[in-house]
Amino acid sequence: MTQAALDIAFKDVYGRAPEGAWAAPGRVNLIGEHTDYNDGFVMPFALPHTTRAAVARRDDGRLRVHSADMDGGVVELRVADLEPGTASGWATYPAAVLWTLREAGHDIPGADIHYDSTVPVGGGLSSSAALQVVTALALTELHGLDLPRQDLALLCQRSENVYVGAPVGVMDQTASACCTSGHALHLDVRGLQQRQVPFDLAAEGLQLLVVDTRVKHAHADGAYAQLRSGCEASAAALGLPALRDVAYPQLDAALVALPEERMRRLTRHIVTENRRVERVLALLDAGRTREIGPVLTEGHVSLRDDFQISCPELDLVVDTALAGGALGARMTGGGFGGSAIVLVEEDRAAELGETIARALPQVRRFATTPGAGAHRLW
Ligand code: GLA
C-alpha cells in the first residue's frame, strides 16, 4: 500500500488527517537463538517487511487504535485505565507501549493510530516487535522526545515483559529499532554493544530464503518461560550470573558440575550457540560468507537436540533444504513452529524453493535481504 493509501485509510477511520507516519520492520535471526536472555550474543537482521503506523495526537486521555489487518474495528481505551493484564487481543501491544512510556515519565496523553503491516503474523518473524517499535517511535517523535534507539527497544521489551506478561529477551525489539539496510546486527546483550556487520548476499551470489511453516504449536508461550527459568537455574547451579559466563573451553567442566540432564542440555546449547555467533561474525568479517552455512546448520541441530524446541515441520524444511543442496539451514526465532532460514547459491534457489514447497505444501517462502530499521515515513 502506498503512503497516500495509508493516509486515506487513517482519514476514513478517524475523520481527520494524521500528523505523520512511521514504519518498523520484522526480523529474522541469522544466528544466536535464546542467547539474549542469557546475556549472550545475537545476530538478527531486519526484514523488508514492515508494520506502518499513521498517527495523530489526542489530548483527551484516549488511545484509539485500528488495524487494516485485524477484525474488530477501532479499539478505544482510556489511558488512565491502562493496567498490566487488562487489555486483550492485538491492541494489548500498543496499549502496553503507551503505558510503559507513561511509567517512564513521558507525558503522552493519548493518540489515534491506524496500522497496516506486511510482516507475516505468527511466523516467528517478530510482527509484535514491529508493532511495539513503530508505536514507540511514532509516539515519542510526535511528542518531541528523542529516545536513543536501544532505549526505545528496552522500553518495548519492558512493555512486553511487564504489561503483556511474556518474559522475552531484547533481541527482537532491538533488531526492529536498530538494524540498518545491508547489515546484520551483532549485539552483545550484556553490555548492549552493537555492531552493524555488512551482509551482502547478492554480491556473493547467495540467497537467503525464509520459509514460514505456518505452524505454531500450542505450548509455545509457556515453554519459553520454562526455558528461560531453566537457563537461569543452570547458571545459578554453577554459581554464575548467567550462562554467558561459561566460556566455551569451560563447557565440559560445567557439564560435569551440573546436577540434571536438562540443565546440561540447556547449557550446552547456550554455550555453543554463543560461540556460533562469534564464528559467524568472524567468517563475515573475513568475507567467507558461504562458510557460515554449516554453522547455521549446527545451530539447528543444537536447537533440535539440546534445546528441544524444533518441531517436525521445521526439521522437514531443514532436512529437505540440506538434501537439496543448501549451504546451511536452521529454524529461526523462539521455536515450536514459525520459520526456517535457508542459505543457498542464488542459481539454485528457485529450484530449492520448489522442492521445499513440494515437501511441505503449506509453507510461505520468500528470498530476503537485510532491510532498514524503524524510521519515519513522512
Ligand atoms: C523470541 C524472543 C527473543 C528471543 C528469541 C529466541 O523471539 O522474543 O527475545 O529470545 O525468541 O532467540
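Basis of the calculations
- Numbering of residues starts from 1 in every chain and runs along the sequence as written.
- For this predicted model, a pLDDT threshold of at least 70 governs which residues receive local features, and a threshold of 80 or more governs which side-chain atom pairs are given and counted, while totals over whole chains, interfaces and linings are taken from all residues.
- Think of the side-chain values as coming from all heavy atoms in the structure, minus any hydrogens and water.
- The definition of a nonpolar core used throughout is a set of buried Ala, Val, Leu, Ile, Met, Phe, Trp, Tyr and Cys residues joined through side-chain atoms within 4.5 Å.
- Three labels apply to residues, based on accessible area from a 1.4 Å probe with only protein chains included: buried if under 20% of the type maximum, exposed if over 50%, partly exposed otherwise in between.
- Numbered from the N terminus, helices here are DSSP runs of H or I no shorter than four residues, and strands are runs of E no shorter than two.
- Note on definitions. A residue lies near a molecule or strand when any single heavy atom of the residue is within 4 Å of it.
- Pairs of N or O atoms within 3.5 Å make up the polar contacts considered here, provided that, within protein, one atom can donate a hydrogen while the other can accept it, and that residues adjacent in sequence are counted only when both atoms are side-chain atoms.
- Shrake-Rupley sampling with a 1.4 Å probe provides the accessible areas, and residues are treated as covered by the protein chains on show and by no other component.
- Each residue gets one label: Ala, Val, Leu, Ile, Met, Phe, Trp, Tyr, Cys and Pro are nonpolar, Asp, Glu, Lys and Arg are charged, and the others, such as Gly, are polar.
- Two strands are counted as paired when DSSP detects at least two bridges linking them.
- As a rule, the C-alpha atoms of each element are fitted with a line to give its axis, helices using only the stretch in contact, and angles between N-to-C directions run from 0 to 180 degrees.
- Contacts between residues were defined by any pair of non-hydrogen atoms, one from each residue, lying within 4.5 Å.
- Each residue after the first adds 1.5 Å to the expected span of a helix.

With that settled, the discussion passes to the nonpolar core. Counting residues in each nonpolar core, the largest one holds 43 residues, and the members touching the most others are V55, L63, L82, I113, Y115 and L139. Put simply, the parts of the chain that give this core at least two residues each are β1 (20-31), β2 (41-57), β3 (62-67), α2 (92-103), β5 (111-117), α3 (127-142), α4 (149-164) and α5 (171-178). Looking at which element gives the most residues to this core, the answer is α3, with eight residues. Core analysis: the next-biggest nonpolar cluster, separate from the first, contains 38 residues, V211, V215, L255 and V363 among them.

Here we come to the site of the ligand. Neighbouring residues of the ligand: R27, E33, H34, D36, Y37, V168, G169, M171, D172, Y224, G333 and G334. Here an oxygen atom of the ligand sits 2.7 Å away from a polar atom, N or O, in the main chain of H34. Computed on the free molecule, the ligand has an accessible area of 310 Å², of which 92% lies beneath the protein chains in the complex. Its residues assigned to classes, the shell around the ligand comprises four nonpolar, four polar and four charged.

Further remarks concern the sheet that holds strand β10 (residues 337-345). Pairing in this open sheet of four strands is antiparallel, and the strands run β9-β10-β8-β11 from one edge to the other. Pairing within the sheet leaves two strands with one partner each, and these edge strands are β9 (328-332) and β11 (364-368). On average, each strand axis in the sheet is inclined to that of its neighbour by 20 degrees, with strand direction left out of account. Pairing between β9 and β10: five bridges, direction antiparallel. By the bridge assignment for β10, R330 is matched with I341. Contacts from helix α9 (residues 292-305) reach β9 and β10, with the element oriented near 40 degrees to β9.

A few words now on α2. Owing to its 3.6 residues per turn, the α-helix brings residues three or four apart onto one side. Helix length check: α2 (twelve residues) gives 16 Å between terminal C-alpha atoms against 16 Å at 1.5 Å per residue, within 8%. For α2, a buried count of ten out of twelve residues is recorded, marking the element as mostly surrounded by other parts of the structure. Every buried residue of α2 is listed here: T92, Y93, P94, A95, A96, V97, L98, W99, T100 and L101. Check the buried side of α2 and you find it contacts β3, β4 (75-78), β5, α3 and α4.

Here the focus is the pairing of strand β8 (residues 206-216). Burial within β8 is extensive, with eight of its eleven residues counted as buried. Sheet topology places β8 next to β10; eight bridges connect them, and they run antiparallel. Bridge pairing in β10 places L208 opposite L343. Of the pairings in the sheet, the one linking β8 to β11 comprises five bridges and is antiparallel in character. Among the inter-strand pairings, L209 is bridged to a residue of β11, identified as A367.

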